[in-house]
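Secondary and tertiary structure notes
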Amino acid sequence: MGCERAYIPYGRQNIDDDDITGVIDVLKSDWLTTGPKIEEFEQAFAEFCGVSHAVAVCNGTAALHCAAYAAGIQPGDEVVVTPMTFAASVNCVVYLGATPVFADVEPDTLLIDPAEVEKKITDRTRAIVAVDYAGQSCNYDTLRAIADRHGLVLIADACHAIGGNYKSRLVGSLADLSTFSFHPVKHMTTGEGGMVTTDNARFADQMRKFRNHGISTDHRERVDKGVWSYEMTDLGFNYRITDFQCALGLKQLGKLPEWVERRQAIAQQYDRTLKTVSGVYPLSVRPDVSHAYHLYVVKIDSQMSGAGRDAVFEKMRNNNIGVNVHYIPVHLHPYYQEHFRTIEGLCPVAEAAFRQVLSLPMFPGLTCREVDRVMDILKKALGNKL
Ligand SMILES: *Cc1c(COP(=O)(O)O)cnc(C)c1O
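Only a predicted model underlies this, so the values are computations on that prediction, with no experimental measurement involved.

1. Section: the site of the ligand
Surrounding the ligand, one finds 15 residues, the nearest of these being G60, T61, D157, S181 and K186. A distance of 2.9 Å is found between an oxygen atom of the ligand and a side-chain nitrogen or oxygen belonging to H160. About the coverage of the ligand: the protein hides 92% of its 380 Å² of free accessible area. Among the elements of the structure, helix 3 (60-70) and helix 4 (88-95) are those that each provide at least two residues to the shell around the ligand. Tallying contributions element by element places helix 3 first for the shell around the ligand, with 3 residues. Of the residues assigned to the shell around the ligand, the class counts are 5 nonpolar, 8 polar and 2 charged.

In structure tokens:
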């Protein structure tokens with residue numbers, strides 16, 4: 001088999017010599033963790049998103065936990081969430097003893113439907129967690145108005161959307177708190193890593209403590225001041241990220257804008273080809289967003305296309321195309337069914353979409369020829385003649 005048939009994953013990181021040098025420099029320095037690279041990365045990231053504060057943590061799940069904690073979510077509270085996401089977006093609510101309340105998504109974008117959010121609000125609701133599914137920002141003006149009307153905190157799980165914007169406003173600045181992941185499959189990586197952005201100084205302080213056991217000073221502050229004593233004032237966690245990870249993050253952030261452009265160009269190439277394929281539809285993109293394309297998701301209508309999603313998935317995988325399915329609706333996971341009695345039928349739009357969606361390969365290193373190969377194999381999987 002030649003390289004022509006090599007496996008194409010659905011996502012892949014991009015690491016160059018400049019990234020490697022950045023990491024090595026930190027490994028040779030005095031500070032491997034709680035050092036100066038943390039703040040440097042946080043400041044660069046805050047500037048990139050046009051906000052005043054960014055708090056770096058060890059992964060995107062920790063970022064969500066920090067954000068939910070800063071939002072003041074407590075046992076007895078309800079939080080409105082979307083089913084069309086990775087479980088972590090909802091788990092953060094459960095970590096704090098609160099109850100997730102699922103609001104269904106819009107059929108064409110699979111973003112949380114503001115009208116459904118409104119229906120789920122009670123006098124116990126404390127917050128909304130919106131997810132920028134696939135990389136397109138939610139309808140934040142409408143969500144903001146709902147949150148303000150009911151006194152709720154608006155959290156954006158923006159793990160898919162870094163580098164995008166909504167009505168010319170930057171992702172990371174669209175909610176009270178926005179969270180990011182730097183897992184290798186995301187737009188930029190630190191191996192494992194995460195970030196929360198906010199314009200609220202009190203939230204930022206609370207999260208800085210929360211990531212360090214609920215202690216008010218960190219190790220370096222105490223070294224600098226020549227003191228040893230510290231006080232734990234809240235119950236926190238060790239959610240710290242290392243300096244060498246932040247060095248990698250800084251290098252990656254510099255390359256992010258060109259990577260997002262490349263993702264958008266790949267999406268256009270898919271869009272153009274799919275116009276000629278019946279029964280396979282890309283999700284709608286609203287005109288007021290710049291889509292960051294963490295994922296390129298299509299819906300397969302088996303009536304029109306001649307093959308169902310599962311059959312297409314299997315045929316493409318057998319031909320070395322790393323397609324994937326995002327996501328099993330969170331409320332259908334056994335844990336949620338058992339603990340929150342969330343049964344099938346709760347979110348019919350998300351459930352129907354789940355049976356049809358397929359994520360095609362999408363990462364900046366994907367070549368035009370590889371995109372063509374993905375499209376040829378998709379057509380073959382549907383039974384169309386090449
Ligand atoms: C990746 C991801 C997370 C979790 O991030 P980790 O860094 O893997 O913990 C949470 N929410 C969404 C939408 C994600 O895509």
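2. Looking at the sheet that holds strand 4 (residues 125-131)
A sheet is described by the order of its strands in space; here 7 strands give the open sequence 1-9-8-5-4-2-3, paired in mixed fashion. A strand with exactly one partner marks an edge of an open sheet, and here the two such strands are strand 1 (53-57) and strand 3 (99-102). Strand-to-strand twist of the sheet, defined as the mean angle between neighbouring strand axes without regard to direction, takes the value 25°. Here 5 bridges tie strand 4 to strand 5 (residues 153-157), and the two strands are oriented parallel to one another. Note on strand 5: the bridge partner recorded for A130 is A156. Along the sheet, helix 3 contacts strand 1, strand 5, strand 8 (177-181) and strand 9 (194-198); its crossing angle with strand 8, the most-contacted strand, is approximately 165°.

3. Observations concerning unusual backbone geometry
A cis geometry characterises the amide bond from H326 onward to Y327, with omega recorded as 10°. Looking at the secondary structure, you find Y327 in the loop between helix 11 (309-318) and helix 12 (334-340). Positive phi values are uncommon outside glycine, yet A134 reaches one of about 70°. Topologically, A134 is positioned in the loop between strand 4 and helix 6 (140-150). Taking the relative accessible area as the measure of exposure, A134 reaches 3% and is therefore buried.

4. Some remarks on the side chain of R211
Position of R211 relative to the elements: it lies in the loop between helix 7 (201-210) and helix 8 (219-225). For R211, a relative accessible area of 11% puts it in the buried group. In terms of polar contacts, R211 uses its side chain to reach the backbone carbonyl oxygen of A56, at 2.7 Å. Not counting residues up to four positions away in its chain, the partners in contact with R211 are I38, E42, V55, A56, V57, F237, N238, Y239 and R240.

5. Observations concerning the state of the cysteines
The full count for this structure, using the stated rule, is 0 disulfides. Cysteine C49 is unpaired, with the sulfur of C159 as its nearest cysteine sulfur at 12 Å. What makes C49 buried here is its relative accessible area of 1%. C92 forms no disulfide, and the closest cysteine sulfur to it belongs to C159, at a distance of 10 Å.

6. Description of the packing of aromatic side chains
Within the structure shown, the criterion is met by 16 aromatic pairs. Ring geometry for F45 and F182: centres 5.6 Å apart, planes at 70°, overall edge-to-face. Within this pair, whereas F45 is found in helix 2 (residues 36-49), its partner F182 is found in the loop between strand 8 and strand 9, the two being separated by 137 residues in sequence. We note that F45, like F182, is buried. Plain terms: the ring middles of Y133 and Y327 are 6.2 Å apart, the flat faces sit at 65° to each other, and that makes the pair edge-to-face. Pair noted here: Y133 is in the loop between strand 4 and helix 6 and Y327 is in the loop between helix 11 and helix 12, with a separation of 194 residues, a long-range link. Y133 gets classed as buried once you look at its relative accessible area, which sits at 1%. You can call Y327 buried: its relative accessible area is 11%. An aromatic cluster of three or more residues is present, and its members are F41, F45, F180 and F182.

Parameters at a glance
Residues numbered from 1 in each chain as written. Predicted model: local features only at pLDDT ≥ 70, side-chain atom pairs only at ≥ 80, totals over all residues. Heavy atoms only, no water. Near = heavy atom within 4 Å. Polar contact = N/O pair within 3.5 Å; in protein donor to acceptor, adjacent residues only side chain to side chain. Areas by Shrake-Rupley, 256 points an atom, 1.4 Å probe, with all protein chains shown as cover. Helix = DSSP H or I, 4+ residues; strand = E, 2+ residues; numbered from the N terminus. Nonpolar A, V, L, I, M, F, W, Y, C, P; charged D, E, K, R; others polar. Pairing = 2+ DSSP bridges. Axes fitted to C-alpha atoms, helices over the stretch in contact; angles between N-to-C directions. Contact = heavy atoms within 4.5 Å. Buried < 20%, exposed > 50% of the residue type's maximum accessible area, 1.4 Å probe, protein only. Disulfide = S-S within 2.5 Å. Phe/Tyr/Trp six-rings, centres within 6.5 Å; stacked < 30°, edge-to-face > 60°.

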